[in-house]
Amino acid sequence: MLPIVALLAVALGIPAAAQTADFIIENANIYTVNPGQPKARSLAVKADKIVAVGNDLSSLAGPQTRRINLHGATVIPGLIDAHAHLRGLGGLLESRDLRHVATIAEIAAYVQQQAAGKPAGEWVIGRNWDQTNWGGKFPAAADLDAVAADRPVFLTRVDGHAGWANTRALTLAGITNQTPDPPGGKIVRDAQGKATGILVDRAQGLVRSKIPPSTFAQIKRQLELAARECARLGLTGVHDAGVSRDDLQAYRELIREGKFPLRVWAMIGGDGPLWREFAERGPEIGDFLTVRSIKLVADGALGSRGAALWQPYSDDKSNSGLMLTSREDIERIARVAAAKGFQVCTHAIGDRANRTVLDAYSAALGGKNEKRFRVEHAQVISLPDFKTFADNSIIASVQSTHATSDMRWAAARLGPDRVAGAYAWRRFLNLGIPVANGSDFPVEEPNPMLGLYAAFTRQDAQGQPPQGWMADQKMTRQEALESWTLSGAYAAFEEKVKGSIEPGKFADFLVLDRDVMTVPPLELPAIRIKATYLGGKAVYQTP
Ligand SMILES: [Zn+2]
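Throughout, a residue's number is its position along its own chain's written sequence, starting from 1. Thresholds applied to this predicted model are a pLDDT of at least 70 for local features of residues and 80 or more for the giving and counting of side-chain atom pairs; totals over whole chains, interfaces and linings are not thresholded and use all residues. By convention in this description, side-chain values take in all heavy atoms of the structure and omit both hydrogens and water.

Attention shifts here to the pattern of salt bridges. Take a side-chain nitrogen of Lys or Arg and a carboxyl oxygen of Asp or Glu: if they are within 4 Å of each other, that pair is a salt bridge. Using the criterion set out here, one finds 38 salt bridges in the structure. Measuring nitrogen to oxygen at the nearest pair gives 2.7 Å for the salt bridge that ties Asp508 to Arg263. Taken together, the residues Asp508 in the loop between α18 (486-490) and β21 (509-512) and Arg263 in strand β15 (residues 263-269) connect sequence positions 245 residues apart. Each of the two residues, Asp508 as well as Arg263, counts as buried. Only DSSP runs of H or I reaching four residues or more are called helices, and only runs of E reaching two or more are called strands; each is numbered from the N terminus. Note on classification: 1.4 Å probe, protein chains only; a residue is buried when its accessible area is under 20% of the maximum for its type, exposed when over 50%, partly exposed between these limits.

Attention now moves to the packing of helix α10 (residues 327-340) against helix α11 (residues 351-365). Each pair of packed helices gets described by two things: the angle between the helix axes and the distance between those axes. Relative orientation of the contacting elements α10 and α11 amounts to 35°, with a least axis distance of 8 Å. For the pair α10 and α11, the sense of crossing is right-handed. Mapping the contact onto sequence places Arg327, Ile330, Glu331, Ala334 and Arg335 in α10 and Thr356, Val357, Asp359, Ala360, Tyr361, Ala363 and Ala364 in α11. The residue makeup of the contact of α10 with α11, split by class, is seven nonpolar, one polar and four charged. In this analysis, axes come from line fits to C-alpha atoms, helices being fitted only over the stretch in contact, and the angle between any two N-to-C directions falls in the range 0 to 180 degrees. Handedness of each helix crossing follows the sense of rotation of the near helix against the far helix: counterclockwise by less than a right angle gives left-handed, clockwise gives right-handed. Contacts were defined at the residue level, with two residues in contact if any of their heavy atoms lie within 4.5 Å. Ten residue types, Ala, Val, Leu, Ile, Met, Phe, Trp, Tyr, Cys and Pro, are classed as nonpolar, four, Asp, Glu, Lys and Arg, as charged, and the remainder, Gly among them, as polar.

Right, let's get into the sheet that holds strand β18 (residues 374-377). Only when DSSP finds a minimum of two bridges between them are two strands counted as paired. With parallel pairing, eight strands are arranged side by side in an open sheet as β8-β14-β15-β16-β17-β18-β19-β20. Taken across any chain shown, the strands that pair with only one partner, and hence form the sheet edges, are β8 (79-84) and β20 (435-437). On average, adjacent strands in this sheet sit at an angle of 25° to one another, irrespective of strand direction. In the sheet, strand β17 (residues 343-348) pairs with β18 via four bridges, with the strands oriented parallel. The residue bridging Cys345 from the neighbouring strand is Arg374, located in β18.

Side-chain positions along a regular strand alternate between the two faces of the sheet. Counting buried positions along strand β5 (residues 49-54) yields five of six residues, so the element is predominantly enclosed. Pairing analysis gives five bridges linking strand β4 (residues 42-46) to β5, with the strands arranged antiparallel. If you follow Ala44 over to β5, its bridge partner there is Ala52. Turn length for the β4-β5 hairpin, with the two strands adjacent in sequence and antiparallel, is two residues, and the turn residue Ala47 shows positive phi of about 50°.

A separate point is the sheet that holds strand β11 (residues 162-165). Here five strands make up an open sheet; going across it, the order is β9-β10-β11-β13-β12 and the pairing mixed. In this open sheet, the two edge strands, each paired with only one partner strand, are β9 (124-129) and β12 (185-189). Neighbour to neighbour, the strand axes of the sheet diverge by 25° on average, direction disregarded. Note: strand β10 (residues 153-157) against β11, three bridges, orientation antiparallel. Its bridge partner being in β11, Thr156 is matched across the sheet by Gly163. Docked against the sheet, helix α3 (residues 104-116) engages β9, β10 and β11, running at close to 155° with respect to β9.

As a further point, take the coordination of the zinc ion. The zinc ion binds to the protein through His83 (NE2), His85 (NE2) and Asp440 (OD), with metal-donor distances spanning 2.2 Å. For Na, K and Ca the donor cut-off is 3.2 Å, while for other metals it is 2.8 Å, and in both cases only N, O and S atoms qualify; water is not among them, so sites may look incomplete. Spacing between the donor residues of the zinc ion along their common chain follows H-x1-H-x354-D. With His85 in the loop between β8 and α2 (86-94) and Asp440 in the loop between β20 and α16 (448-457), this residue pair connects regions lying 355 residues apart in the sequence.

A few words now on the confidence of the model for the chain. Within a predicted model, pLDDT stands for the predictor's per-residue confidence, ranging from 0 to 100. For the chain, the average pLDDT comes to 94, and 97% of its residues sit at 70 or higher. This model gives residues 13-17 a pLDDT under 50, and the stretch forms two contacts once residues within four places in sequence are excluded.

The next subject is the packing of aromatic side chains. Here the aromatic set is Phe, Tyr and Trp, taking the six-membered ring for Trp, and pairing holds for ring centres within 6.5 Å; pairs whose planes are under 30 degrees apart are stacked, those over 60 apart are edge-to-face, and all others are tilted. For the coordinates displayed, the defined rule picks out ten aromatic pairs. Each ring, one from Phe389 and one from Phe428, has its centre 5.0 Å from the other, and the planes form 75°; the classification is edge-to-face. A residue pair is termed long-range when its members are at least 10 positions apart, and Phe389 in helix α12 (residues 386-391) and Phe428 in helix α15 (residues 425-430) qualify at 39 residues. As far as burial versus exposure is concerned, Phe389 and Phe428 are alike and both buried. Among the aromatic side chains, those forming a connected cluster through ring pairs are Phe23, Phe509 and Tyr533. Here the guanidinium or amino end of Arg372 rests over the ring plane of Tyr490, the centre of that ring lying 3.7 Å away. Each ring is checked for a lysine NZ or an arginine CZ that lies within 6 Å of its centre and within 35 degrees of its normal; such an atom marks a charge sitting over the ring.

A few words on α10. In this model, α10 (14 residues) spans 20 Å end to end at C-alpha, consistent with the 20 Å of a helix rising 1.5 Å per residue. Where α10 is buried, its residues touch α9 (273-281), β16 (289-297), β17 and α11. Of the residues one or two after α10, Gly341 is the one with positive phi, at around 85°. Multiplying 1.5 Å by the residue count of a helix minus one yields the expected span of that helix.

Looking now at α16. With respect to burial, α16 is a largely interior element, nine of its ten residues being buried. Where α16 is concerned, the buried positions are Pro448, Met449, Gly451, Leu452, Tyr453, Ala454, Ala455, Phe456 and Thr457. Its side-chain oxygen 2.9 Å from the backbone nitrogen of Met449, Asn447 forms the N-cap of α16. Of the residues trailing α16, Arg458 is marked for its positive phi of about 50°. Distance and chemistry together define a polar contact, namely a pair of N or O atoms within 3.5 Å, with one atom able to donate a hydrogen and the other to accept it when in protein, and with adjacent residues in sequence counting only for side-chain atoms on both sides.

One can find Asp201 in strand β13 (residues 195-201). Working convention for charge: Lys and Arg count positive, Asp and Glu count negative, and His plus the chain ends are omitted. An unpaired buried charge is present at Asp201: no salt bridge exists, and Arg202, the closest side chain of opposite charge, is 7.2 Å distant. A polar contact is formed between the side chain of Asp201 and the side chain of His161, at a distance of 2.5 Å. Not counting the four nearest positions on each side in its chain, Asp201 is found in contact with His161, Ala162, Gly184, Gly300, Ala301, Gly306, Leu322 and Leu324.

Formed by 100 residues in total, the largest nonpolar core has its most connected members in Leu86, Tyr361, Phe389 and Phe428. With seven residues, the single largest contributor to this core is α11. When near neighbours in sequence (up to four residues on either side) are disregarded, Leu86 contacts Gln222, Leu223, Ala226, Ala227, Cys230, Val238, Asp240, Tyr251, Leu262, Val264 and Phe441. Among the nonpolar cores identified, the runner-up in size contains 19 residues, and Phe23, Val45, Ala507 and Val511 belong to it. Residues grouped as a nonpolar core are buried Ala, Val, Leu, Ile, Met, Phe, Trp, Tyr and Cys residues, joined through side-chain atoms within 4.5 Å.

Contact pair helix α8 (residues 245-256) / α9: the axes reach a minimum separation of 10 Å and the direction vectors enclose 60°. It follows that α8 is oblique to α9 by the angle criterion. Only Pro273, Leu274, Glu277 and Phe278 of α9 make contact with α8, whose side of the interface consists of Arg245, Leu248 and Arg252. If an angle is under 35 degrees, it is roughly parallel; if it is over 145, roughly antiparallel; if it lies from 65 to 115, roughly perpendicular; otherwise it is oblique.

In this structure, Asp130 sits in the loop between β9 and α4 (141-145). Once you skip the residues sitting within four places of it in the chain, Asp130 turns out to touch Arg99, Arg157, Val158 and Arg408. Of note is the side chain of Asp130, whose polar atom sits 2.8 Å from the side chain of Thr132.

With that out of the way, let us pick up the side chain of Asp159. Among the structural elements, Asp159 can be located in the loop between β10 and β11. Judged by its relative accessible area of 15%, Asp159 is buried. For Asp159, the side chain forms a polar contact with the side chain of Arg157, separated by 3.0 Å. In this structure the side chain of Asp159 is engaged in a polar contact, spanning 3.2 Å, whose partner is the side chain of Ser304. Apart from residues lying up to four places away in sequence, Asp159 is in contact with Arg127, Ala301, Gly303, Ser304 and Val443.

Right, here's the structure in full:
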C-alpha cells in the first residue's frame, strides 16, 4: 500500500519525488488532538507543513532528510492562547510583576526604588497589584505619596480594571472632589468625598491619558519580548485581545524581519478609525498575522466589582457593576462585522453583560450560523442563557486560571445562586458550545501549563480544594488539551491549518520533558518545553 502522503500527492497531482520529508520526528509519544488518529510515534515535515503522521514514516526519508529520534519524549500540538495581551506581557517583562506582592509597604518600596532611578517628574508605572493579597482593603494615594510625592505614579490592578494613582497623578489628571464619575467609570471616594486614588474602569482614563504614550520602538521591543516568552512557554499562537494601528504595524515589521516566533490572531481594539478602515477593506489573513475580528468590552471585572450584574454584589449591596458598551452599539457593530466577514469578540464578565451581548449577537446573527462570534471570558452566565450560546453558534472564550484565581472570593461577590453559572465550562461543553481557552496574560501568568492544569483540576497550585472548586464543571484532561489547541484554532477559523498534528497543517508542535496526559496533576505546571516548533523551525529549544 502507498504511504498516505504518496496517496495525497497523487490526489493533489504532486510528483512523488517532491514528497521526501525535510525532517522526520521518530520514536515520539505524540498526542495529535486529531480524533481520527489520536496517537502516533512519528511525524514528517516538509517546508512549514506536516506531511504525514504515523508510526513508521521511514519511507519518506530521502538522502537529505534529517531524522530526529526523540527517545519516547511527548509531543503535542503548539498551544494557542485564545485571549491575551502581548504588549501588556512585554511591558511586564520589562518591569516587576506585582502580582504576588503581599503588602502595600512592599509595593511602596518598589515604587520608591523605581523613582530613585528616574529623573524628577517622570512617571512610575506598574502592574498587577491585588488587594485580595492583603485582606481586600483598597490601597490609597497616600501610600504612594509617602515614597514618591514629586512625581506621578499609576499602578494598574491585576485585572486591568482598576488603577491606583498617587496625589501628583490625580492632580495632573485634574481630579478634584468635584470631578464627577465619567461614564462607565468610578472615582472611589472616602467618607469626606475625597478621591482615594483608586479609579475603576473608565475612570482610569483620566490619569492614563496623561501618561506619555509608548514610542513605536518601545511597542516593537515589547511585542518581540513577549513573543519570545510565548515561544519559550510552548505557545505557537496567541489571540491578541485588542490591538492598535501601531501594534499591527510593529507585528508586520517584526514578521518581515524574520524575528517573530509566534502566530498572532489580532482583534482590533474597539470601534474606532482602525475598525472602520478594516470594515471597509475586509479582513487581513496571513500565516503569521490575521486580522478578522473586533474586540469590544461590555463591562468591567469581578475583582474590582465592575462586572455588570442584574442584582447587586452579594458583598456590596449598593453596587451592581458597570456596563461599558450599550446593547445598541454592540448590535450595530455585530451587523457590520457579520456582513463584512469579521468576528466580534466581546468581553463580558457579569450576568447582565453576558445577556446583553448575547441579545445583541442573536439579533445580528438570527440563529445558527458560521460567523463564529465569541464572548470573551463568558464568566457569570444566568442558567437559561447558556442555551443562547448554542442557538446562535457563539463561542465561549474562557480562561481556566481565572476560575482558580477568583475562587477565593467569587462566591462572596456572587452568592450561591449566581455562582452556579460562573466559570461553568461543563455547561458549555454539554451543549456542544466550543470552549477556547486562554490566560488573559498579563492578568494571569502566560505559562499555558497553568491553564491546562486549572482546566481539569479546578485546583490551586497546592491541589486545593481537594476535589476542585465546583468540581462538576471540570473539563477532562483531553478536553483541556483541546481547549488549548483545536478549539482556539476553531475560534479563529483556523482549524484547517492549526490546532492538531495532522497532514496539511502547519508544523507547529512542542516537545515536552514529561507526558502531559499521564503525569500526576500536581506535576503538570512544572512541565518544561524542550522544543517549540513553528512552521517546522525550532523557535525555542532548551539550552
Ligand atoms: Zn483581556
